[in-house]
Amino acid sequence: MADSDRPATREALRLSLKQPIVFDGASTPVKAALFLVVCLAWLLPGLVGRDPWKPDEAASFGVIHAMLQGDGWIVPAIVGVPFLESPPFAAWVAAASASLFAPWLPLHDGARLVSALWVALTMGFCARAAVELSDERAGRIAALTVLGSAGLLLRGHEISFALAPMAGTAMAFHGLAVLDRQPRTATVWLATGAALVALTAGLVPALLCLVPACAMMAWRQAWRRTAVLRSLSISLAVVLLAALLWPALMLSDGTVPVQQWLPTALGIQSLSATGRSFDATYFTRLLPWYALPSLPIAMWIWIKERGTLGDRLGLQLPLVTFVVLLLGYSMVREPRDDMALPLLVPLVVVAVQALDRLPRGLASFVDWLGLVTFLFIAGLLWSGWAGVVTGVPRGAAKWAARQAPGYVHELSWAAFIIAATLTVIWLVAVLRTRRTNRRAIVNWCAGITLVWMLANLLWLPAIDHVRSYRGTAAAIKSALPTGADCLGQMHLGDPQRAAFHYHGGLRFRPVSALTDSDCGLVLIQGVAGEAPAVPAGWTLLWDGARPGDRAERFRLYSRQAN
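Not measured: the values here are computed from a predicted model. (Residues numbered from 1 in each chain as written. Predicted model: local features only at pLDDT ≥ 70, side-chain atom pairs only at ≥ 80, totals over all residues. Heavy atoms only, no water.)

Undergrad: Outline the overall build of the chain, listing residues and values.
TA: On a plain count of helices and strands, the chain comes out with 22 helices and seven strands. Across the 562 residues that make up the chain, the buried fraction comes to 54%. When contacts within the chain are restricted to residue pairs at least 6 apart in sequence, those whose partners lie at least 24 apart make up 75%. Only carbon and sulfur atoms are counted for the fraction: they give 64% of the accessible area of the chain, which is about 24400 Å². Side chains of the chain give 46 positive and 34 negative charges; the mean places of these two sets differ by 8 Å. (Helix = DSSP H or I, 4+ residues; strand = E, 2+ residues; numbered from the N terminus. Buried < 20%, exposed > 50% of the residue type's maximum accessible area, 1.4 Å probe, protein only. Contact = heavy atoms within 4.5 Å. Areas by Shrake-Rupley, 256 points an atom, 1.4 Å probe, with all protein chains shown as cover. Lys, Arg positive; Asp, Glu negative; His and termini not counted. Charge placed at Lys NZ, Arg CZ, Asp CG, Glu CD.)

See the structure below:
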């Protein structure tokens, strides 16, 4: 930049800082900076500095840990026991990340960094799809709407194999958005995205990414072209090849019967004997809160414009995709909230298009609801933190002591300064923002980001103290007699087996009953207040749980020598 241009640039920046912030889709340095701050404040906190938590994260990392120890690259396993929840591609990527960052980060933190990659890909492709179906102003607001999704907040910061199918779905949906106008470009993204879904979720979820194109061909004349059909054919071939990769490896390995891994390879958990019971209405009941704030806005625009849906690709394609995914997932996917993540993609894209058309009263209500809700939660987080640090308010200090017994809260000036700075930025941005429809979504996303950031900066060590199994694993290990070489377990869950092995190096043999145990030491997982009935000759050696856990209880029994 020439020296003569610098004064003009500084003057433009100074004037931009003085102007009220108007979220109208136009780009300014202030809005670009706020966008970057919100994205980083959402993505980064919670990725490092904590142990894997139960239930799903500890189990997922158990699979990754086994791979890093040279086991389970083809047959996903937790401490030697097959764990066939999903095809292993997402675990491969996480294991590679853990290994790459091992010189600087613990293995679990290195594996968790991949979650930020999957979320970032989802943001990027939702933004691109929104631009294609709407206009250039839709990109940033679509990315923020992804981050503002209530169901993504916790899952987006966990070691989760369900994030990759969400990213693949977003990639494939971007391909669908340009399929009738740029079939070659669409082929690349539709095939790549659907193949990623096949590699991480199975064949049927990947095929569901292609079904909306078939429905659109029946609905719109412009889609009934040879180029579109060719694109779909290529994408289908790529999906089938990707979906066959893991089954081919499993057949060559031959250690697990086909009937055990076939439902996972197909992505049809409803056929699996090990998953949760089939529930066709689960996702419909989940979405009203899980898909906030996108769902009510999407439903409003679809109902309002129902008479012109056939003429508006930007509304029609997301509707068809959402219906296909909802019906398909309700029939084949396990009823778990992380399985619903791909359903957010079409809802986000259509909600962005509806923002400028929302009635002012409805937009103001969403804006007010987000501000009040997240300001209240942020106030609670700050108040509780002040209580544990200073003792005032006293009630907050007592509550924290009950929730995290044994934890000593230490003041971190760095965390305090960052949290205070971002809180001030949020307050200033809210006060200086001119009321528009888009402000409702921006404030919602900024508010949920503020709450997440405060929870991590001020409370993460305390939360990790009560949710980690590190201390429990150490206590069990210290209670074992010297030279103990056989340890059995009863009713021990997959997350607990994974965590105890990772933190304490403990390996267990499954035991059906104490009377049948070949091991003289058996760990039994149960509930607090309900000790199991044990036969004569067995004595309680240790019992305990994570700090503050009032439900889960572990009891270590020892068989008396004859």
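So much for the structure itself; the text now carries on.
Undergrad: Explain the packing of helix H19 (residues 413-432) against helix H20 (residues 437-467) to me, and be specific about the residues and the numbers.
TA: Contact pair H19 / H20: the axes reach a minimum separation of 10 Å and the direction vectors enclose 165 degrees. Considering the angle they form, H19 stands roughly antiparallel to H20. The handedness of the crossing between H19 and H20 is left-handed. For the pair formed by H19 and H20, the contact residues are Ala 415, Ile 418, Ala 419, Leu 422, Thr 423, Trp 426 and Val 430 on the first element and Arg 439, Asn 443, Ala 446, Gly 447, Leu 450, Met 453, Leu 454, Leu 457 and Leu 458 on the second. A breakdown of the residues in the contact of H19 with H20 according to their chemical character gives twelve nonpolar, three polar and one charged. (Axes fitted to C-alpha atoms, helices over the stretch in contact; angles between N-to-C directions. Parallel < 35°, antiparallel > 145°, perpendicular 65-115°, else oblique. Left-handed = near helix turned anticlockwise from the far one by under 90°. Nonpolar A, V, L, I, M, F, W, Y, C, P; charged D, E, K, R; others polar.)

Undergrad: I'd like to hear about the state of the cysteines, residue by residue, with values.
TA: Any covalent bond linking the sulfur atoms of two cysteines counts as a disulfide. A full pass over the atoms with the stated rule returns one disulfide. Sulfur-sulfur distance for the disulfide between Cys 486 and Cys 519 comes to 1.8 Å. Here the disulfide of Cys 486 and Cys 519 is left-handed, its torsion about the S-S bond being about -55 degrees. Taken together, the positions of Cys 486 in the loop between helix H21 (470-479) and strand S3 (487-490) and Cys 519 in the loop between strand S4 (509-510) and strand S5 (521-527) put the pair 33 residues apart, joining distant regions of the chain. Pair check on accessibility: Cys 486 and Cys 519 agree, each one buried. Between Cys 209, a cysteine without a disulfide, and Cys 214, which holds the nearest cysteine sulfur, the sulfur-to-sulfur distance is 12 Å. Residue classification places Cys 209 among the buried residues on the basis of a relative accessible area of 5%. There is no disulfide at Cys 445, and the cysteine sulfur nearest it, in Cys 39, is 7.0 Å away. Residue classification places Cys 445 among the buried positions, given a relative accessible area of 0%. (Disulfide = S-S within 2.5 Å.)

Undergrad: Describe the packing of aromatic side chains, and please don't skip the residues or the numbers.
TA: For the structure shown, the criterion picks out 18 aromatic pairs. For the pair Phe 89 and Trp 92, a centre-to-centre distance of 6.3 Å together with 70 degrees between the ring planes defines the contact as edge-to-face. You can see Phe 89 and its partner Trp 92 sitting in helix H4 (residues 89-100), three residues apart, about one turn around the helix. For Phe 89, a relative accessible area of 24% corresponds to the partly exposed category. On the basis of relative accessible area, Trp 92 is assigned to the partly exposed category, the value being 22%. Following the ring pairs from residue to residue traces out a cluster consisting of Trp 382, Trp 385, Trp 413 and Phe 416. Positioned above the aromatic ring of Trp 53, the side-chain terminus of Arg 50 is 4.1 Å from the ring centre. Sitting over the face of the ring of Phe 35, Arg 140 holds its NZ or CZ atom 5.6 Å from the ring centroid. (Phe/Tyr/Trp six-rings, centres within 6.5 Å; stacked < 30°, edge-to-face > 60°. Lys NZ or Arg CZ within 6 Å of the ring centre and 35° of its normal.)

Undergrad: Just give me the short version of the sheet that holds strand S7 (residues 552-559), but keep the residues and values in it.
TA: Across the sheet, which stays open at both edges, the five strands sit in the order S4-S3-S5-S7-S6 with mixed pairing between neighbours. Sheet topology places S4 and strand S6 (538-544) at the edges, where each strand pairs with a single neighbour. By the bridge criterion, two bridges tie S3 to S4 in an arrangement that is parallel. Paired with Gln 489 across the two strands is Pro 510, which belongs to S4. Set on the sheet, H21 makes contact with S5, S6 and S7; between it and S6 the angle comes to about 150 degrees. Along the sheet, helix H22 (residues 494-504) makes contact with S3, S5 and S7, crossing S7 at roughly 65 degrees. (Pairing = 2+ DSSP bridges.)

Undergrad: A description of the pairing of S7 should follow, citing residues and the corresponding values.
TA: Among the eight residues of S7, six are classified as buried, and the element is accordingly described as predominantly covered. Strand direction decides the pairing type here: S5 and S7, joined by seven bridges, are antiparallel. Considered in S7, the bridge of Val 522 is made with Tyr 557. Taken together, the six bridges between S6 and S7 define a ladder with antiparallel strand orientation. Considered in S7, the bridge of Leu 540 is made with Tyr 557.

Undergrad: I'd like a description of the pattern of salt bridges, backed by residues and values.
TA: Opposite charge on two side chains permits them to pair, given that their charged atoms come into close proximity. One pass over the structure, following the stated rule, counts 24 salt bridges. With its nearest N and O atoms 3.4 Å apart, the salt bridge here joins Glu 334 to Arg 336. Note on accessibility: Glu 334 and Arg 336 belong to one class, buried. Overlapping salt bridges, with partners in common, bring together Arg 50, Glu 57, Asp 109 and Arg 112 in one network. (Salt bridge = Lys/Arg side-chain N within 4 Å of Asp/Glu carboxyl O.)

Undergrad: Tell me about the side chain of Thr 264, and please be specific about residues and values.
TA: Topologically, Thr 264 is positioned in helix H12 (residues 258-266). Engagement of the side chain of Thr 264 in a polar contact is seen with the backbone oxygen of Leu 84, the distance being 2.6 Å. Setting aside residues up to four positions removed in sequence, Thr 264 forms contacts with Leu 84, Glu 85, Ser 86, Pro 87, Ala 201, Gly 202 and Trp 246. (Polar contact = N/O pair within 3.5 Å; in protein donor to acceptor, adjacent residues only side chain to side chain.)

Undergrad: Which residues make up H19, and what values do they have?
TA: End to end, H19 covers 28 Å across 20 residues, agreeing with the expected 28 Å (1.5 Å per residue, within 8%). Every buried residue belonging to H19 is among Ala 415, Ala 419, Leu 422, Thr 423, Trp 426, Ala 429 and Val 430, and all of these are buried. When H19 is viewed along its axis, its buried side chains cluster within an angular range of 130 degrees and face the same direction. Facing away from the buried side of H19 by more than 90 degrees, the exposed set consists of Trp 413 and Leu 431. Contacts made by the buried residues of H19 are with helix H2 (29-43), helix H17 (360-390) and H20. (Expected span 1.5 Å × (residues − 1). Arc of directions from axis to C-beta.)

Undergrad: Give a detailed account of helix H13 (residues 282-290), specifying residues and quantitative values.
TA: Considered for burial, the residues of H13 that qualify are Tyr 282, Phe 283, Leu 286, Leu 287 and Tyr 290. Looking down the long axis of H13, one finds its buried residues gathered within 115 degrees of arc, a one-sided arrangement. In the core, the buried residues of H13 are packed alongside helix H14 (294-304), helix H15 (313-332) and helix H16 (344-354).

Just distances and angles here, no functional claims.
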